[in-house]
Amino acid sequence: MRPVLLATAAVLALALPGTRADAQRPTLDGAARWADSARRTIEAAQLAGDSAKLAAARGVVDRALTAWPDDGLLLHYAGYARYRQAMQSLDAPDGEKRARALLEEAVDLLQRSHARLPLAETQALLASSYGTMIGESMLNGMRYGPSASRANEEAARLGPRNPRVLLLAGIGAFHTPSMWGGGKDKARALLTQAIAAFAADAPAAPLPAWGHAEAYLWLGQVEAAAKNREAARAAYERALALAPGYAWVRDVLLPRLASGR
C-alpha cells in the first residue's frame, strides 16, 4: 500500500471507534476496505452536518482512487461524497454555483462507477444530481431531463424495492410540483415505501447502507408542509432515535417546528 494510504489508514483507525457491529464486520482488504471506510465516514459527516469532515472523507476516497482508479465502489463513494457536498452547498450564500460544479463532478464519477459496477443507488444518485441541476430552469430541464428520466428508470429496474432508490425518488417528488409528476402526496407515498423497505435492508459491507433516518427526516418535512405538526414531530423524533447526532433534525427542523414556522 502506498505511504499516503498507510498514513490515512492510521488516522481512520483513530477516528472510527469500534462498535459491536464493527466487531462483527467481515474482514475487508484492498479497495473494499477503503470503500467501507468511505461509506462510514461520509455518513457520519453527513449526519453531523460537518462540511470539514465531509471534505476529509472525500479526500480519503480520492486518495484511495489513486491506488485503485477503476474500482466501482470507490468511484461510487467519490461521486456520493460530492453529491453530499453539493447538497450542503445549496444553503450557503452563492452556493448554487459550487453545488453545480460538485454535481457535475459527481455525475462523471457515478457514470464511471456504473460502467464497472451497476448499482441501483448509483443510478438514483445520478437521477437526483440531474434533477438538482435542472432546478427551476426550463432550459436545464431540456438539457438534463432525459438523462434524469433514464437514470430513474434504470434505478427502478436495478432496485425496485431498494429503500435508497425510493428515498431519493420521494425527495425528488417533494421538490417537484404535482403538475410535473411530483407533489407532497406522491412524496409521502414513496417515503412510506422507503421506510417499509428499510426494515428488511441489510446490505453487506462495503455496499451503500445510508438513508434510514433520512427517510424519516423527509417524511417529517412532508408532514410539516401539510401542517400535520404531530406527525412531523413523530417522524423527526424517529429520525433522531435512529441517528441521535442528526444535526439537521436536532438543530433546525425540530426547533423550526416548535416555533410554528
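Residues numbered from 1 in each chain as written. Predicted model: local features only at pLDDT ≥ 70, side-chain atom pairs only at ≥ 80, totals over all residues. Heavy atoms only, no water.

Details of the nonpolar core
Part 1 of the argument: Of all hydrophobic cores here, the largest spans 75 residues; its most connected members are I42, L74, Y77, L167, Y246 and V249.
Part 2 of the argument: Per-element accounting of this core gives the leading share, nine residues, to helix α5 (residues 72–89).
Part 3 of the argument: Residues within four places of L74 in sequence aside, it is in contact with A31, W34, A35, V61, A64, L65 and W68. (Core = buried A, V, L, I, M, F, W, Y, C linked by side-chain atoms within 4.5 Å. Buried < 20%, exposed > 50% of the residue type's maximum accessible area, 1.4 Å probe, protein only. Helix = DSSP H or I, 4+ residues; strand = E, 2+ residues; numbered from the N terminus. Contact = heavy atoms within 4.5 Å.)

Focus: a nonpolar patch on the surface
Part 1 of the argument: Taken together, M138, L139 and M142 make up a surface patch of nonpolar side chains, about 430 Å² in accessible area.
Part 2 of the argument: Looking at the secondary structure, you find M142 in helix α8 (residues 138–158). (Patch = residues over 30% accessible without salt bridge, like charges linked within 9 Å, V, L, I, M, F, W, Y side chains within 5 Å. Areas by Shrake-Rupley, 256 points an atom, 1.4 Å probe, with all protein chains shown as cover. Salt bridge = Lys/Arg side-chain N within 4 Å of Asp/Glu carboxyl O.)

Quick look at the packing of helix α9 (residues 163–174) against helix α11 (residues 212–225)
Part 1 of the argument: Relative to each other, α9 and α11 sit at 25 degrees, their axes nearing to 10 Å. It follows from the interaxial angle that α9 and α11 lie roughly parallel. For the crossing formed where α9 meets α11, the hand is left-handed. Contacts from L167, I171 and F174 of α9 reach α11 at E214, A215, W218, Q221, V222 and A225.
Part 2 of the argument: Of the residues contributing to the contact of α9 with α11, the split by class is seven nonpolar, one polar and one charged. (Axes fitted to C-alpha atoms, helices over the stretch in contact; angles between N-to-C directions. Parallel < 35°, antiparallel > 145°, perpendicular 65-115°, else oblique. Left-handed = near helix turned anticlockwise from the far one by under 90°. Nonpolar A, V, L, I, M, F, W, Y, C, P; charged D, E, K, R; others polar.)

Some details on the pattern of salt bridges
Part 1 of the argument: With the rule as written, the count across this model stands at 16 salt bridges.
Part 2 of the argument: Between D70 and R116 there is a salt bridge; the shortest N-O distance is 3.4 Å. Highlighted residues: D70 in the loop between α4 (51–67) and α5 and R116 in helix α6 (residues 95–116), separated in sequence by 46 residues.
Part 3 of the argument: Overlapping salt bridges, with partners in common, bring together R58, D62, R82 and E105 in one network.

As for the environment of S149
Part 1 of the argument: With respect to the element layout, S149 can be found in helix α8.
Part 2 of the argument: Overall, the relative accessible area of 38% leaves S149 in the partly exposed class.

Description of the packing of aromatic side chains
Part 1 of the argument: Applying the stated criterion across every chain, the model contains four aromatic pairs.
Part 2 of the argument: Seen from their ring centres, Y80 and W210 are 5.2 Å apart, and the 15 degrees between their planes marks the pair as stacked. With Y80 in helix α5 and W210 in the loop between α10 (184–198) and α11, this residue pair connects regions lying 130 residues apart in the sequence.
Part 3 of the argument: Among the residues examined, Y80 registers a relative accessible area of 1% and is labelled buried.
Part 4 of the argument: With a relative accessible area of 3%, W210 lands in the buried category.
Part 5 of the argument: Note on W218 and W248: the rings are 5.6 Å apart at their centroids and 80 degrees apart in plane angle, and the pair reads as edge-to-face. One end of the pair, W218, is in helix α11; the other, W248, is in helix α13 (residues 247–259), with 30 residues separating them in the sequence.
Part 6 of the argument: Classification of W218 by relative accessible area gives buried; the value is 8%. (Phe/Tyr/Trp six-rings, centres within 6.5 Å; stacked < 30°, edge-to-face > 60°.)

A few points about α4
Part 1 of the argument: Over its 17 residues, α4 extends 25 Å from the first C-alpha to the last, a length consistent with the 24 Å expected when each residue adds 1.5 Å.
Part 2 of the argument: Along α4, the residues classified as buried are L54, A57, R58, G59, V60, V61, A64 and L65.
Part 3 of the argument: The opening residue of α4, the one whose side-chain oxygen lies 3.1 Å from the backbone nitrogen of A52, is D50. (Expected span 1.5 Å × (residues − 1). Polar contact = N/O pair within 3.5 Å; in protein donor to acceptor, adjacent residues only side chain to side chain.)

Thoughts on the side chain of S128
Part 1 of the argument: As for its placement among the helices and strands, S128 is situated in helix α7 (residues 120–134).
Part 2 of the argument: On the accessibility criterion, S128 (15% relative accessible area) is buried.
Part 3 of the argument: What S128 contacts, discounting residues up to four positions off in sequence, is Y83 and L168.

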